[in-house]
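Architecture and fold: a report
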Amino acid sequence: MNDAQTLAVEVTAIEQVTPLIKHFKLGSADGGALPAFSGGSHIIVVMRGALRMHRNPYSLLSSPRDLDHYEIGVRRMEESRGGSHFMHDRVHVGSRLEIAHPVNLFGLDKIARKHVLIAGGIGITPFLAQIEDLHGAAVPYELHYSVRSPEHAAFLSRLREREGERLKMYYDSEGQAIDFDGLLSNQPLGTHVYVCGPAGLIDRVVATAKACGWPGSHIHWEQFSAPPVGDAFEVFLARAKLTVHVPPDQSLLESIEAAGVEVPYLCRGGVCGFCQTRVLELDGELVHNDHFLSDADKAQGKNIMPCVSRARCKHLVLDL
Amino acid sequence: MLITGIKSKPVYAPLRADAGGRYHLMLGIGPGGIALLRVLAEMRGSAPDAIKNTRLLFAANTPAADAADTVAQFKQIGLGSVSLFDDPASLLDTFRTVLDESLMGTRLYVAGPESFIGLAMKIALQFDLNKDEIRAEEMGTLARRVYCVHCRTTTEEVRTNIVRCAGCERWLQVRDHYSRRLAAYMGVMVDAEAPGEVPPVKEVFV
Amino acid sequence: MKAIFKPHETFRDDFSFCNSGQAIRRFPLPFPEDEYMYSVNIEPHVSGPKGSVVEFAFDVDEHYVAECRERELVLAAEPLRFQALPHMLSAQWDCLELIMESLARDYPAHFSLAKLGNRWHWINRPLGLDQQFIFGDVDTLPRQPLDYIGRQAQGDFVVMDQRENDLWTEAGVVTTQADWSLDFDMGMTFKEWHGPVPLAHEMQVFDRALKYLLNLRLGQPVRRLNWTMTIHPRLDTSPENYPKWGPDRTTVTAQNAGDLVHLRVELQGLWRLPRSNAIVFGIRCYLISMRELATVPKWARRVHRVLKNLHPALVDYKGLTRYRDAVVEWLAPYDDGTPTTPGTAPE
């Protein structure tokens, strides 16, 4: 379940929408319609660089009703391992890319009685697609969008025009902050909250919702973060009988893939559990950066999520 | 056909306070009042502020004298509000209105006969309350609501393993397969293969 | 496969259904070995051998027209055999698209689908239907989307919404089921729906299946086989109509078992749906009488052994109790003890 079925796409338009964010339009390379998808889905974009391959997830921000093209937004990351730089600097109109079929790990709950959407910075992207599904339907919703300053608010005019009162903006530069407690203490039964953006924002929303008594099943989050960097290390793949070197700025998963071994994956962000791999031998310690394994599982050290986790070790053998 | 040992059968546990909730809504019928008193005692010990944020709806459903003591205790605890009802149906009507005004952070506690729990859950479902927000303890009669899969009639207060359908009059085997949407157990014709061969009827849901 | 439809076949009353030689040879036998027990026997639903039941996404065979007519009869008598909760409308459209696109692509002689933006034109030649409609607009179809297309596909369809790390049975058209009720099960989660299946829960079959399905991907459907037995080639063995078909179980003898008792195999396909992110579960039923089955010597020996040694809990759950011994006795002369080769190919 990985790159077996990728689609070839061509970049048909690029726009710099904020100083840090570029907006890309992708059309099917053979000119047909692209696969239908649900709001909140992301695609994995495969970028073949000179030195290495990047596979980065980007939320689809285009309308699920318009399948002539997909739209994604890419934020230039300061400490990048190269993926966002590749997109910003090496991709032009006419460039060809491969993408995997859309996957949705951040869907709207269909029986919610209200949706509260909270976006920070580039985190606005999945909501742009979702509000296309919500617009005009019977369920009430509101969108809270927090950015550094007005020039960093991507797609603002599009949002304002469509959403009017349902959109509330918060500019750090003007000292405006979301009143999380106020917002989450006064929602009717059956409300779901969705948050996408930096880790700090997500942690605040989740913690506040729980403190207000919301059960976990009504709190949804999606985080875009590159796999954390770390010390280089070596890993031996027991079944492939290969030793793989993992450099500081490449994830364990990426290094294994670069060595020609396939590992099933879905989100590449430590959340879905799909790439869970058994640890057969370890002399050292695992550095768990995922949100999937329980604390007990992490302590036991028998499994690792190679998409985001690493090791500091003299010896590590995986069941791959 | 599996009759018992079916995994869709609801499982209940003694009520415990849910410290994660900000508001607490309690529903009780008859002997369920005792379970609610137990939870409230627990709350008073661990989170006394929660008591003020707790609303209670109770129907004794028995001669007034039996429940008088329970009701008196409810009134002394310092609950946010206590509402008393003559019967489960009127309690459930008010329950629906209360849910409409309730906020996220509410926890629901239900204690009473299984059929009442089922009907309360059915209403709670309409407000997207899910299993993390609801706790239920079965107290009182195990009498079941049985949905006849042939004529789609629900027969109430079923205490026996085999019952005559109130709609089509077929003899139905009462299975443990349970539907939350219908708040009822499944009834299937017991003598379909050999008409007239009805096994002994036993009182099992008392 | 070039299907010659037998439109007047019946699955009730006079039970005129029967399989041609070609249908027998392509029958999906669910027993790769001489014993049977549950497993999570899921495999990718990719194109299989030419002429086989898994060559295409949805198999259309010689019984297509007759089965569609049978479905119409059931739905006319019991409209609640189709149900869909309001929030499942986009999933219904997803199903309609999946089925129409598959049938038009795989059987262009029988079906065509032309699209101009969201104006679709669907033609179903075997059933004589010609429908123009706007995809996404319920008012332009004579019925709800799943109800509409469900009457033009063989097999049942159950649609499950994915939320709270679980799957919820919230829409379906179910008229050819092996003894479970959509009406009763609507709203149940995956494990609740499978509550009545014995043993499998202890074996964690459903835990593993659920985990797998929660990660099912667009464009990568899966399939598996399930089986039971039916007296007469009756498709509608619903609990609702148990009073009608239940008594048939007592009419089987070792002499008539060859004609009365049918192996009933479900080819189950599971697809992730794009706009709703729901999962559709297609349950396609194939029937074969013991007499037809016995024309393939390896199958006769194999099925004799599987039935003879079947776990008692499965005998009970699959409703075989009253007649299993009669079937085993009818098949016995075909089993000379010769080893059977693994796998289901006729040999």
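Above: the structure in question.
Described below are features of the structure shown in this document.

1. Here's the deal with the overall build of chain A
- Scanning chain A from terminus to terminus reveals seven helices and 17 strands.
- By the compact-globule yardstick of 20 Å for 320 residues, chain A fits well, its C-alpha radius of gyration being 20 Å.
- Over its C-alpha atoms, taken along the principal directions, chain A stretches across nearly 60 × 50 × 35 Å.
- Within chain A, the proportion of its 320 residues that are buried is 56%.
- Long-range contacts, defined here as pairs at least 24 residues apart, represent 66% of the contacts in chain A between residues at least 6 apart.
- Element-wise, carbon and sulfur atoms account for 49% of the exposed surface of chain A, whose accessible area totals about 13,300 Å².

2. So, the packing of helix 11 (residues 297–308) of chain C against helix 13 (residues 324–331) of chain C
All names here are of chain C.
- Contact geometry for helix 11 and helix 13: axes closest at 9 Å, N-to-C directions at 150°. Here helix 11 lies roughly antiparallel to helix 13, going by the angle between them. The element helix 11 and its partner helix 13 pack so that their crossing is left-handed. Counted together, Ala300, Val303, His304, Leu307 and Lys308 of helix 11 and Arg324, Val327, Val328 and Leu331 of helix 13 form the full contact between these two elements.
- For the contact of helix 11 with helix 13, the residue count by class is six nonpolar, one polar and two charged.

3. Observations concerning the packing of aromatic side chains
Residues and elements named next belong to chain C.
- Evaluated as defined, the whole model comprises 26 aromatic pairs over all chains.
- With a centroid separation of 6.2 Å and an interplanar angle of 75°, the aromatic rings of Phe190 and Phe206 are classed as edge-to-face. Residue Phe190 is found in helix 6 (residues 190–193), and its partner Phe206 is found in helix 7 (residues 205–214); the two are separated by 16 residues along the sequence.
- By relative accessible area, which is 5% here, Phe190 ends up buried.
- Given the relative accessible area of 9%, Phe206 is considered buried.

4. As for the pattern of salt bridges
- Counted under the stated rule, the structure contains 57 salt bridges over all chains.
- The partner of Glu98 of chain A in a salt bridge is Arg48 of chain A, with the nearest N and O atoms 2.8 Å apart. With a gap of 50 residues between them, Glu98 of chain A in strand 6 (residues 96–100) and Arg48 of chain A in strand 3 (residues 41–48) connect regions that are remote in the sequence.
- For Glu98 of chain A, a relative accessible area of 24% translates into the label partly exposed.
- In this structure, the salt-bridge partner of Arg144 of chain B is Asp176 of chain B, at a minimum N-O distance of 3.0 Å. Of the two residues, Arg144 of chain B sits in strand 6 (residues 144–148) while Asp176 of chain B sits in strand 9 (residues 171–179), which places them 32 residues apart along the sequence.
- The exposure class of Arg144 of chain B is buried, given its relative accessible area of 4%.
- Overall, Asp176 of chain B belongs to the buried group, its relative accessible area being 8%.
- Bridged by salt links that share partners, the residues Arg152 and Arg181 of chain B together with Glu78, Arg81, Asp183, Asp236 and Glu240 of chain C form one connected network.

5. Concerning the interface of chain C and chain A
- Listed per partner, the contact involves 15 residues of chain C and 19 residues of chain A.
- Between chain C and chain A, a total of about 1,700 Å² is buried, with carbon and sulfur atoms accounting for 53% of that surface.
- At the boundary of chain C with chain A, the tally comes to one salt bridge.
- For the salt bridge of Asp161 of chain C with Lys110 of chain A, the shortest nitrogen-to-oxygen distance reads 2.9 Å.
- Applying the counting criterion to the chain C and chain A interface returns three residue pairs in polar contact (both at pLDDT 80 or more).
- Residues belonging to the side of chain C that touches chain A are distributed by class as follows: three nonpolar, seven polar and five charged.

Calculation notes
- Residues numbered from 1 in each chain as written.
- Chains lettered and ligands numbered in written order.
- Predicted model: local features only at pLDDT ≥ 70, side-chain atom pairs only at ≥ 80, totals over all residues.
- Heavy atoms only, no water.
- Helix = DSSP H or I, 4+ residues; strand = E, 2+ residues; numbered from the N terminus.
- Rg over C-alpha atoms; globule rule 2.2 N^0.38 Å.
- Buried < 20%, exposed > 50% of the residue type's maximum accessible area, 1.4 Å probe, protein only.
- Contact = heavy atoms within 4.5 Å.
- Areas by Shrake-Rupley, 256 points an atom, 1.4 Å probe, with all protein chains shown as cover.
- Axes fitted to C-alpha atoms, helices over the stretch in contact; angles between N-to-C directions.
- Parallel < 35°, antiparallel > 145°, perpendicular 65-115°, else oblique.
- Left-handed = near helix turned anticlockwise from the far one by under 90°.
- Nonpolar A, V, L, I, M, F, W, Y, C, P; charged D, E, K, R; others polar.
- Phe/Tyr/Trp six-rings, centres within 6.5 Å; stacked < 30°, edge-to-face > 60°.
- Salt bridge = Lys/Arg side-chain N within 4 Å of Asp/Glu carboxyl O.
- Buried area = accessible area lost by both parts, 1.4 Å probe.
- Polar contact = N/O pair within 3.5 Å; in protein donor to acceptor, adjacent residues only side chain to side chain.

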